[in-house]
Amino acid sequence: MSVCIQANQVSKVFGGLTAVNQVDLTVPEHAITSIIGPNGAGKTTLFNCISGYYTPEQGQIIFYGAPIQGLPTYVIASLGIARTYQNIRLFGNLTAIENVLTGEEPKLRANWFEALIGSRRMRAEEKAAVQEARRLLKYVGLEGLGDQLARNLPYGAQRKLEIARALANQPRLLLLDEPTAGMNSQETEQMTRFIRSLRDDLGITIILIEHDMQVVMGISDQITVLDYGTKIAEGMPKEIQTNQRVIEAYLGPGGQALTKKYQERKNGSHVIR
Amino acid sequence: MTEKPILRGLRTGLVFGLIMVFLFLIGFTDTGANLVAKMLGNPTPTNQHPSVTYYAIFMALYATWCGSAAANRVAAGTSLINRLGAGTVGGFTAGAICSLTGYIFGTLNQQGIDPRAYLVALSPQTIQLFLFNAESVASGALTLVGVMTAGGLLGAVLAVAWKAWVGKRLIGLKQDTGHLYQNVLLQQWKDKALVRYALLALLAAALLILPRAWGSYWNYVLGTVGIYIVLGLGLNIITGLAGQLVIGYVAFFGLGAYTFALLSAPEPHQISMNFWIALVLAVVVAAVFGFLLGLPILNLRGDYLAIVTMGFGEIVRILLKSDLLTSFTGGPKGVRDIGGPTLFGRPFNSDVDFMYLIIIAVLVIAFLANRLQRSRVGRAWEAVREDETVARATGINAFRSKILALTISAAIAGLAGVLFASRNQFTGPEDHSLLVSINVICLVIVGGIGSIPGIILGAFALKGLPEVLREVESFRMLAFGALLVLMMNIRPEGFWPASRPKLENQAEEAIAAVPAEQKV
């Protein structure tokens, strides 16, 4: 299995605070990788480094063999890295389908002059783009809502729309920042299945930031744990559950005993909360 | 009678009264009476004060408005007496406040104190008129209270009658038109190509015939409106679509006008270039300046960008009239005898010809702006406006997008400048003051940001109406301010808000043309 994206010793500093500290990360192709950690651990900062909002002070980010750190965000997007946001960030005053069309931007070739004169190529391209956007809306289950303003959509639909916009880029790597935040258990389960199908059906490599451990443990091929910007553990879900440093990061010192007690009472069900 | 309706009336009267006092202090009462006179078909001769009759009608109308507002504010279901009472109290309160003011100023006037040292517009005649040219101050003040109380009562009666009779009918009418709108047959009829072409043909005929029919005054007024529509459409691209607040937009207008003027006027450079070549060059120069200005500043956001562009606008104006450049730009006295257009070697510069030229410019720019707005370019602009950070991560080169928007906007402003300079055959630095920018921003906001029909409407409202209502010209800024405050409160999206294209449920035949292998 080849490597999709690799971070080598990546560090990002804000003033005196090291938000991400020499983090290594290797994500194999077609895998679902979860990044977990307490609040403020640097998970989203790492995402922002990958998608190009931040340029890391140190280290390399290598996407399919080519270094991408320091490239402009839109170039990184056009290489096939798409993302969603922790707090939904749609283009509120655009319709749902226009949001998806915006996601197709890296694929479009017509320039402004062609748009001005209405060239044949531009019109064909636009038609194909609209059709693709409709297909994507249907794929994420928003058929019929395409002409609604994005800000008028219900919360769950907005989350789906954000994913549809990311998919419009035909990404090779998808960064999902807390995709199940604010969802009930049923919606969460639905979203989990959906994320898995993205990998299985479309072959997209996925990195996930998630707080819901049930989701993380159920879906991930591998898990990376960050705490205070440093990677403290890495491995399969099973390994992470029993990792002492992880438990301490979440529960504080002495957490091990607490967890044991909890697990005994739960009759060995594997939950970290 | 309970206490509440009276209090409501009192409060409404207080507001209306204080506004009228303010209007009196700035001398608007004369203007109001003049307006009434004009509307009744008996305009006041210039340099004369309006007659008492028209003034009385003006005050009574104002009090009627006050009374109906007061009556409408009383909670529904209160008795007739209460509502009428509220209106009367409203009119009386407003009248009392006004008459107190009138009494004070009337007395001062009698003692020979001229308030004009502090309030420029308050001439003795205006004060006299405010008191109905009465013999004594007291009787004038009493008349004022009487007229306004009667007006308040009338307003209340009208409001009650409206609610009881007309209001009910209106609701019925609204429902009827609603049904009509949903009527499938009508919808189909509206969508039919033939009908749309017929309407377009009608519009084209009107645009072709009207400039010949309505005379040079209207050609001048509507030509100005047309130039402002072009400016509005240009500003709409950078500010409405790309969301970058550019205040010094007039700079590009000035650059276009001056480039054209210097290339086509005999003074100060003796170039006298052909109109069309000069037009293209002027547009290019404006666009180049837009591009160059954009390079350093478009990374700024929000307020900073607004301030920097405002500075640029002022710099251009001040440079145009500076002593340093007098030999190059003509300095403060501007450039005269600017060339007019020619068509196949013949002059094409009568007022009718210019009106045609401006109409063509408006249509072409509106057509192109619409095309851009509905393409991927426009979508990228709007994405940048909505959330620049996210737009970048969806693959939009935000900086390039904004530079493109500013360049196109500047080019359009340059075109407007050419039309303006060439039509007036003159351009000077004061034609390009910050006020033009503010006017354009206002018309875009009032019309509807991002909406092409809205901008056309806004230009008519903000440039056309003041030309027609010459009387209120000195109060234009006041009216603008009031209008903007009102719009922001009542209809922040503008008169004619932008509509979004319906892409998901578009007619299927539009997609059928796409080659099969592209269908997924």
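Peer 1: So what's going on with the overall build of chain A? Residues and values would help.
Peer 2: Looking only at helices and strands, chain A has eleven helices and ten strands in total. Scaling as 2.2 N^0.38, a compact globule of 273 residues should have a C-alpha radius of gyration of about 19 Å, and chain A matches this with 20 Å. When burial is assessed residue by residue, chain A has 56% of its 273 residues classed as buried. In chain A, of all internal contacts separated by at least 6 residues, the share reaching a separation of at least 24 is 68%. Carbon and sulfur atoms make up 49% of the accessible area of chain A, which totals about 12,000 Å². Here chain A contributes 29 positive and 27 negative side-chain charges, whose respective centroids are spaced 2 Å apart.

Peer 1: Can you break down the overall build of chain B residue by residue, with the values?
Peer 2: Regarding its fold elements, chain B presents 21 helices and four strands. The C-alpha extent of chain B, read off along each of the three principal axes, is 80 × 65 × 50 Å. Side-chain charges in chain B split into 37 positive and 27 negative, and the spacing between the mean points of these groups amounts to 6 Å.

Peer 1: I'd love a proper account of the sheet that holds strand β10 (residues 230–235) of chain A, names of residues and values included.
Peer 2: Residues and elements named next belong to chain A. Spatially, six strands are ordered β6-β7-β8-β3-β9-β10 in an open sheet, and the strand pairing comes out mixed. Lying at the two open borders of the sheet, with one neighbouring strand each, are β6 (81–83) and β10. Strand-to-strand, the axes of this sheet are offset by a mean angle of 20 degrees, without reference to chain direction. Bridging between strand β3 (residues 32–36) and strand β8 (residues 205–209) involves four bridges; their strand directions are parallel.

Peer 1: Outline the packing of helix α10 (residues 250–264) of chain B against helix α17 (residues 398–424) of chain B, listing residues and values.
Peer 2: Residue and element names in this part refer to chain B. Remark: α10 packs on α17, axes separated minimally by 6 Å, with the N-to-C direction vectors making an angle of 50 degrees. Relative to α17, the element α10 is oriented oblique. For the element pair α10 and α17, the recorded crossing hand is right-handed. For the pair α10 and α17, the contacting residues are Phe252, Phe253, Gly256, Ala257 and Phe260 in the first and Leu406, Ala410, Ala413, Gly414, Ala416, Gly417, Val418, Phe420, Ala421 and Ser422 in the second. Tallied by class, the residues present in the contact of α10 with α17 amount to eleven nonpolar, four polar and no charged.

Peer 1: Please provide a residue-by-residue account of the interface of chain B and chain A, values included.
Peer 2: Often, the extent of an interface is quoted as the loss of accessible area on bringing the components together. Opposite the 40 residues of chain B that make contact, chain A presents 45 residues. When chain B packs against chain A, the two sides together hide about 3,900 Å² of surface, and 57% of this comes from carbon and sulfur. Together, B:Arg376, B:Arg379 and B:Glu504 form the three largest contributors to the area buried by chain B at its contact with chain A, with a combined 22%. Note that B:Asp387 is salt-bridged to A:Arg89, the shortest N-O span being 3.0 Å. There are 14 residue pairs in polar contact (both at pLDDT 80 or more) connecting chain B and chain A. Of all the secondary-structure elements, those providing two or more residues to the side of chain B that touches chain A are α14 (351–373), α15 (376–386), α16 (388–393), α17 and α21 (509–512) of chain B.

Peer 1: Describe the environment of B:Gly414, listing the residues and the values that go with them.
Peer 2: All names here are of chain B. Positionally, Gly414 belongs in helix α17. Separated by 184 residues in the primary sequence, Gly414 and Val230 place their C-alpha atoms 9.9 Å from one another. Contact partners of Gly414, with chain neighbours within four places excluded, come to Phe252, Gly256, Val283 and Ala286.

Peer 1: Report on the environment of B:Leu357, specifying residues and quantitative values.
Peer 2: Residue and element names in this part refer to chain B. Its location among the elements puts Leu357 in helix α14. A C-alpha to C-alpha distance of 9.2 Å links Leu357 and Pro341, two positions 16 residues apart in sequence. Excluding residues within four positions of it along the chain, Leu357 makes contact with Phe275, Trp276, Pro341, Phe348 and Leu419.

Peer 1: Quick rundown of the side chain of B:Ser99? Include the residues and the values.
Peer 2: Take B:Ser99: it is sitting in helix α4 (residues 80–110). In contact with B:Ser99, other than residues within four places in its own chain, are B:Ala141, B:Leu144 and B:Val145.

Peer 1: An account of α15(B) is needed here, citing residue identities and associated values.
Peer 2: All names here are of chain B. Of all eleven residues in α15, nine are buried, a share of seventy percent or more. Listed in full, the buried residues belonging to α15 are Arg376, Val377, Gly378, Arg379, Ala380, Trp381, Glu382, Ala383 and Val384. Between a side-chain oxygen at the N-terminus of α15 and the backbone nitrogen of Val377 the separation is 3.1 Å; the capping residue is Ser375.

Peer 1: I'd love a proper account of the packing of aromatic side chains, names of residues and values included.
Peer 2: Counted according to the given criterion, the structure contains 18 aromatic pairs over all chains. In textbook terms, an aromatic cluster arises when at least three aromatic residues are bridged by ring pairs, as seen for B:Phe24, B:Tyr55, B:Phe105, B:Phe130 and B:Phe132. Stacked on the ring of A:Tyr85, the Lys or Arg A:Arg89 has its end atom at 5.4 Å from the ring centre. Across from the ring centre of A:Phe91, 4.9 Å away, lies the NZ or CZ of A:Arg165, which sits over that ring.

Peer 1: Pulling in residues and values, what's your account of the sheet that holds strand β2 (residues 17–28) of chain A?
Peer 2: Residues and elements named next belong to chain A. Strand order in this open sheet of four strands is β2-β1-β4-β5, and the pairing throughout is antiparallel. Both outer strands of the open sheet, β2 and β5 (66–67), are each paired with one neighbouring strand and no more. Relative to strand β4 (residues 58–63), strand β1 (residues 3–14) runs antiparallel, the two being bridged by five bridges. Residue pairing in the sheet places Ile5 in a bridge with Phe63 of β4. The strands touched by helix α1 (residues 43–51) are β1, β2 and β4; relative to β2, the strand with the most contacts, the crossing angle is about 65 degrees.

Peer 1: Give a detailed account of α10(B), specifying residues and quantitative values.
Peer 2: For α10(B), which comprises 15 residues, the first-to-last C-alpha distance of 21 Å matches the rise-based estimate of 21 Å (1.5 Å per residue) to within 8%. Of all the 15 residues making up α10(B), 15 are buried; the element is thus mostly covered by neighbouring parts of the structure.

Peer 1: Lay out the pattern of salt bridges in plain terms, naming residues and giving numbers.
Peer 2: Counted under the stated rule, the structure contains 25 salt bridges over all chains. A:Lys107 is paired through a salt bridge with A:Glu104; the nearest N and O atoms lie 3.6 Å apart. Here B:Arg317 and B:Glu314 are joined by a salt bridge, their closest N and O atoms 2.9 Å apart. With B:Arg317 and B:Glu314 both in helix α12 (residues 303–320) and three residues apart, the pair spans about one turn of that helix. In this structure B:Arg317 comes out as buried when scored by relative accessible area, which is 13%. Within the structure, one salt-bridge network assembled from shared partners comprises A:Glu98, B:Glu382, B:Arg385, B:Glu386 and B:Arg500.

Peer 1: So what's going on with the packing of α15(B) against α17(B)? Which residues, and what values?
Peer 2: To characterise two packed helices, one gives the angle between the axes of the helices and the distance between these axes. Residue and element names in this part refer to chain B. Look at α15 against α17: their axes get within 10 Å of each other, and the N-to-C directions meet at 110 degrees. As far as their axial angle goes, α17 and α15 are roughly perpendicular. Relative to α17, α15 is oriented so that their crossing is left-handed. Residues Val377, Ala380, Trp381 and Val384 of α15 lie in contact with α17, whose contacting residues are Ala398, Ser401, Lys402, Leu404, Ala405 and Ile408. Classifying every residue of the contact of α15 with α17 gives eight nonpolar, one polar and one charged.

Peer 1: Provide a residue-level description of the nonpolar core, including the pertinent values.
Peer 2: Grouped together as the largest cluster of nonpolar side chains are 88 residues, with contacts concentrated most on B:Leu231, B:Tyr249, B:Phe252, B:Phe253, B:Phe260 and B:Trp381. The leading source of residues in this core is α17(B), at 15 residues. Among the nonpolar cores identified, the runner-up in size contains 37 residues, and A:Leu101, A:Ile195, A:Leu198 and A:Ile204 belong to it.

Conventions we followed
Residues numbered from 1 in each chain as written. Chains lettered and ligands numbered in written order. Predicted model: local features only at pLDDT ≥ 70, side-chain atom pairs only at ≥ 80, totals over all residues. Heavy atoms only, no water. Helix = DSSP H or I, 4+ residues; strand = E, 2+ residues; numbered from the N terminus. Rg over C-alpha atoms; globule rule 2.2 N^0.38 Å. Buried < 20%, exposed > 50% of the residue type's maximum accessible area, 1.4 Å probe, protein only. Contact = heavy atoms within 4.5 Å. Areas by Shrake-Rupley, 256 points an atom, 1.4 Å probe, with all protein chains shown as cover. Lys, Arg positive; Asp, Glu negative; His and termini not counted. Charge placed at Lys NZ, Arg CZ, Asp CG, Glu CD. Pairing = 2+ DSSP bridges. Axes fitted to C-alpha atoms, helices over the stretch in contact; angles between N-to-C directions. Parallel < 35°, antiparallel > 145°, perpendicular 65-115°, else oblique. Left-handed = near helix turned anticlockwise from the far one by under 90°. Nonpolar A, V, L, I, M, F, W, Y, C, P; charged D, E, K, R; others polar. Buried area = accessible area lost by both parts, 1.4 Å probe. Salt bridge = Lys/Arg side-chain N within 4 Å of Asp/Glu carboxyl O. Polar contact = N/O pair within 3.5 Å; in protein donor to acceptor, adjacent residues only side chain to side chain. Phe/Tyr/Trp six-rings, centres within 6.5 Å; stacked < 30°, edge-to-face > 60°. Lys NZ or Arg CZ within 6 Å of the ring centre and 35° of its normal. Expected span 1.5 Å × (residues − 1). Core = buried A, V, L, I, M, F, W, Y, C linked by side-chain atoms within 4.5 Å.

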